[in-house]
Amino acid sequence: MKKDNATKTAPKSRKEEIVYATLTLAAEKGLGAVSMQQIADRVGITKASLYNHFSSRDEIVDAMYEILREASKNNTGVGEADYDKLISGRSLPEVLKDVTGSYRDMISDPQMKLFYTVIMSERSINPAAAEIMVRETKTMIGATKILFYALQAKGVVKFEDPDAAAFSFAMGVHSILNYEMDLIQVGEKPEKDMMGDYIDEFCRAYFL
C-alpha cells in the first residue's frame, strides 16, 4: 500500500548524497542546465572528488534511476510478486487493478515522481533521459508478460498471443499514468476512474 506523507529517504552514502543533490538541482534548473561543478558545490565536495564517484552527469542520472526506484519500492512496500498468492482465487480485474495500483504507488512516491517529472521534460532533447524512459517501459512490459503467462497457466484467461496482449496492456497503463501526471501538472483531476474503466474493458475481451 502507498504510504501517505512519505518523506525523502535519507542518503546512506556519498553516492546517494550526490544523486539526491543532482535531483534537487535538476528540479530547480532543468537537467540540461546542471553541471558537474554545481553538483559538487551542492554536495560540498570538490569537482575532482565528484569524479571519483561518477565519470559524468549521465552516469549520475543512471544511478539516480536505480537508487530512487529501489527506495520508492521500499517506501511503498512494493516487493517481488508472489504470483500464486496474487492470482489464487481472484478475478482478472482484481489482479490487474492490484498490480497497476502497486505500480502507481511506486511511481507516485514523492522522490520518484520528481525524478520522472525531470526525466520526462528532458527526454526529447537528452538521450540519457530517453534511455531511462525506455528502460522503465521495457521493465514494465517484461513484468506484464510474466504476469500474463502466469494468469494463462492458472487458467484465468486465454490469450491467443500473451506477448502482444501484455504489450498492449502495459502501454495502455503507461499512457493513462502519463496522462494523469499531465492533468495534475496543469491543475486538473480525472473526471472518472480512467484506469479502472480501461482494465474492466480490457478484461471483457479475455475472460474464459
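Note that the coordinates shown come from a computational prediction; the quantities given were computed from them, not determined experimentally.

A. Looking closely at the pattern of salt bridges. Enumeration according to the criterion identifies 11 salt bridges in this entry. A salt bridge links Arg135 to Glu66, with the nearest nitrogen and oxygen atoms 2.2 Å apart. Of this pair, Arg135 sits in helix H8 (residues 127–153) while Glu66 sits in helix H4 (residues 57–76), and the two are 69 residues apart along the sequence. Taking relative accessible area as the criterion, Glu66 reaches 42% and is therefore assigned partly exposed. Residue Glu180 is joined to Arg104 by a salt bridge in which the shortest nitrogen-to-oxygen separation is 2.8 Å. Taken together, the positions of Glu180 in helix H9 (residues 162–185) and Arg104 in helix H6 (residues 92–108) put the pair 76 residues apart, joining distant regions of the chain.

B. Representation of the packing of helix H1 (residues 14–29) against helix H7 (residues 110–122) in the model. Packing of H1 against H7 brings their axes to within 10 Å, and their N-to-C directions diverge by 55 degrees. Put simply, H1 runs oblique to H7. Note that H1 runs across H7; the crossing there is left-handed. Along its contact with H1, which presents Tyr20, Leu23, Ala26 and Ala27, the element H7 presents Gln111, Leu114, Phe115 and Val118. Partitioning the contact of H1 with H7 into residue classes produces seven nonpolar, one polar and no charged.

Calculation rules
Residues numbered from 1 in each chain as written. Predicted model: local features only at pLDDT ≥ 70, side-chain atom pairs only at ≥ 80, totals over all residues. Heavy atoms only, no water. Salt bridge = Lys/Arg side-chain N within 4 Å of Asp/Glu carboxyl O. Helix = DSSP H or I, 4+ residues; strand = E, 2+ residues; numbered from the N terminus. Buried < 20%, exposed > 50% of the residue type's maximum accessible area, 1.4 Å probe, protein only. Axes fitted to C-alpha atoms, helices over the stretch in contact; angles between N-to-C directions. Parallel < 35°, antiparallel > 145°, perpendicular 65-115°, else oblique. Left-handed = near helix turned anticlockwise from the far one by under 90°. Contact = heavy atoms within 4.5 Å. Nonpolar A, V, L, I, M, F, W, Y, C, P; charged D, E, K, R; others polar.

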